[in-house]
Each structure stands twice: as structure tokens, then as C-alpha cells.
Amino acid sequence: MTVSSARMPRILSIAGSDSGGGAGIQADIKTATALGAYAMTAITAVTAQDTTGVHAVQLMPPELVRAQIMACLEDIGADAIKTGMLGSAEIVDVVSETLAKHAKGIPLVVDPVMASTSGTEFLDERALNLLKRKLIPLATLVTPNDIEVRKLSLPVPGVSFLVKGGHREDVRGVVDGLLGADGSYREFIAPRIATTNTHGTGCSLAMAIACGLGRGMALAEAVAQATAFVHEAIRTAPGFGCGKGPLNHMHGRS
């Protein structure tokens, strides 16, 4: 494993591909690039997806997912890891076992991704149980939304949770609550933007946090940077597509 560069943290995303470019691996690469990090990928699934929904899904063989992870870790190495859509119990299992054995000490951000915004289910009950039992205990941070958090068991020793408030009505705006592994609690509040251009918000937020952790930031600092980044990406979204449009990951760059 090579030595980390302080100027360019190495971030591994283990997630599905979004052909429309708004979420998943594509959003993760854009986020890492915008934040000055080096993105690597282990693709768990290929989806036919656009702003209107998910039209087809092809899962990768679990051993191919493992091989992608190992290729990244054994050569370039990683300063942080983010997981997104895993898609099956078999993939959850192989990702958990591979990270437990080969990624000890590397900050891990787990975005549960149980379903798409359009309603496509990505995790069945067996996969969810494995996620809770094997992957989440390895995490530095888990980033469920209001719906996903109801299916998880909190708290988990040594694990922090950022409960995203995008689906919850609050007069203060969008309120994300960070429950620290030490029992602390902090809220991150941003004005709510009246828009449908929110495709890939969760993926981008989790990846932005991973980039901060990979750079050596404290967790609260990484979350603050990430929420500000995503808020501006939503505010300046280009308005592409006929449904829930993608974010502008490259805001602030010429």
C-alpha cells in the first residue's frame, strides 16, 4: 500500500453505476474530483437509469466486486472508503468480509441505499440483515435518510450516524442530525431549496464526507464541508432531464 498524499486523498467508492450520471459511481467521481480527491471505484451493479427512474439493473458477480476492491487497496491504497448501492446479500457479505480483513483503520462511510428515490428496492430483508450485522459495525459513519433509519438498529458501538432530513418537514429548513459514537448530537441546518433537482444527493453527501475524512478532518468538520458542498450543488443544478435532475458537482469551477 502506497503512502498517502496530503494534497490528494485517495477515496474508494463501492457502489452502483448510474447511466444518467447523476448518482452512484458517477456522482462519487464528480464529487471527489470537485473536492480535490482521487476517486477509485468498485462497481457493484450497472443500472439503466435516468432522472425519471431505474429501468434495469444488472448486479456484478460478488467475486468481481471483491477483485475490484483488492485491486485498488493493494496498489494505490485508500485514505477513506464509501459504500453505496450494494444490491444483494452476497455482495454485502463479500464487501463486509473484504473490508474487515483488508481495510482496518481506514475511515468508512456507509450510505445504506435501500431504495432509489423513484421507489426501486435495492436491498431485500436478507441483505439488510447482513448490512446491519456485518457492514455497519465496520463504519465510521452511516448516512441513512429518515425512511432508512427506521429499518436500522441504533445506536451501534463505535459508529456515528448522520440522519438526513431532506424528506422531513422542518420550519428551520433541511436539518441533518449527527449522532456521534460518543453519544453527542449536533445538527446541520441549511435553507430548503424549492427544486426537483435532487438526484444523487445522498451519494454526493456521503462521498463528500469520505473526502473530508480522507483528508484528515474531524467527523463534524467533514460533515459541515459536505452539507455546504451539496447545498450549493443543488442550488446551482443545471436542470437536466424530465424528472429529478442531477446536481452541479462542479460549482465554483470554471
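Relevant structure appears above.
All figures in this text were calculated on a predicted structure; none of them were measured in a lab. (Residues numbered from 1 in each chain as written. Predicted model: local features only at pLDDT ≥ 70, side-chain atom pairs only at ≥ 80, totals over all residues. Heavy atoms only, no water.)

(A) Highlighting the pairing of strand β2 (residues 38-50). Strand direction decides the pairing type here: strand β1 (residues 10-18) and β2, joined by 8 bridges, are parallel. Each residue of the ladder has a partner; that of alanine 15, found in β2, is isoleucine 43. Crossover connection from β1 via helix α1 (residues 24-34) to parallel β2: handedness right-handed. Direction of pairing for β2 relative to strand β3 (residues 53-59): antiparallel, over a ladder of 6 bridges. Across the sheet, residue glutamine 49 finds its bridge partner in β3, namely valine 54. Linking β2 back to β3 in an antiparallel pair, the connection comprises 2 residues. (Pairing = 2+ DSSP bridges. Helix = DSSP H or I, 4+ residues; strand = E, 2+ residues; numbered from the N terminus. Right-handed = clockwise from strand over helix to strand, strands pointing away.)

(B) Broad picture of α1. Within α1, the full set of buried residues consists of Gly24, Ile25, Ala27, Asp28, Thr31, Ala32 and Ala34. Elements that come into contact with the buried residues of α1 comprise β1, β2, β4 (80-83), α6 (201-214) and α7 (219-235). Immediately beyond the C-terminal end of α1, within one or two residues, lies glycine 36, with a positive phi of roughly 75°. (Buried < 20%, exposed > 50% of the residue type's maximum accessible area, 1.4 Å probe, protein only. Contact = heavy atoms within 4.5 Å.)

(C) Structural context of the pairing of strand β8 (residues 174-179). Pairing geometry for strand β7 (residues 160-163) and β8, over 3 bridges, is antiparallel. Within β8, the residue paired with phenylalanine 161 across the bridge is leucine 179. What sits between the antiparallel neighbours β8 and strand β9 (residues 185-190) is a turn of 5 residues, in which glycine 183 has the positive phi angle 90°.

(D) How the structure looks around the sheet that holds β9. A sheet is described by the order of its strands in space; here 9 strands give the open sequence β3-β2-β1-β4-β5-β6-β7-β8-β9, paired in mixed fashion. Where the open sheet ends on each side, the last strands, each with one partner, are β3 and β9. Along the sheet, α1 contacts β1, β2 and β4; its crossing angle with β1, the most-contacted strand, is approximately 150°. Most of the contacts of α6 go to β4, to which it runs at about 165°, and overall it touches β1, β4, β5 (108-110), β6 (141-142) and β7. (Axes fitted to C-alpha atoms, helices over the stretch in contact; angles between N-to-C directions.)

(E) Quick look at the pattern of salt bridges. Within this structure, the stated rule accounts for 10 salt bridges. Ionic pairing is found between arginine 172 and aspartate 170, a salt bridge with its closest N-O pair at 3.1 Å. The salt bridge involving glutamate 232 is made with arginine 235; its shortest N-O contact spans 2.5 Å. You can see glutamate 232 and its partner arginine 235 sitting in helix α7, 3 residues apart, about one turn around the helix. (Salt bridge = Lys/Arg side-chain N within 4 Å of Asp/Glu carboxyl O.)

(F) Inspection of the packing of α1 against α6 at higher detail. At a minimum axis separation of 9 Å, α1 and α6 run at an interaxial angle of 40°. Classified by the interaxial angle, the pair formed by α1 and α6 is oblique. Seen from above, α1 lies across α6 with right-handed handedness. Two secondary-structure elements touch here, α1 through Gly24, Ala27, Asp28, Thr31 and Ala32 and α6 through Cys203, Ser204, Met207, Ala208 and Cys211. (Parallel < 35°, antiparallel > 145°, perpendicular 65-115°, else oblique. Left-handed = near helix turned anticlockwise from the far one by under 90°.)

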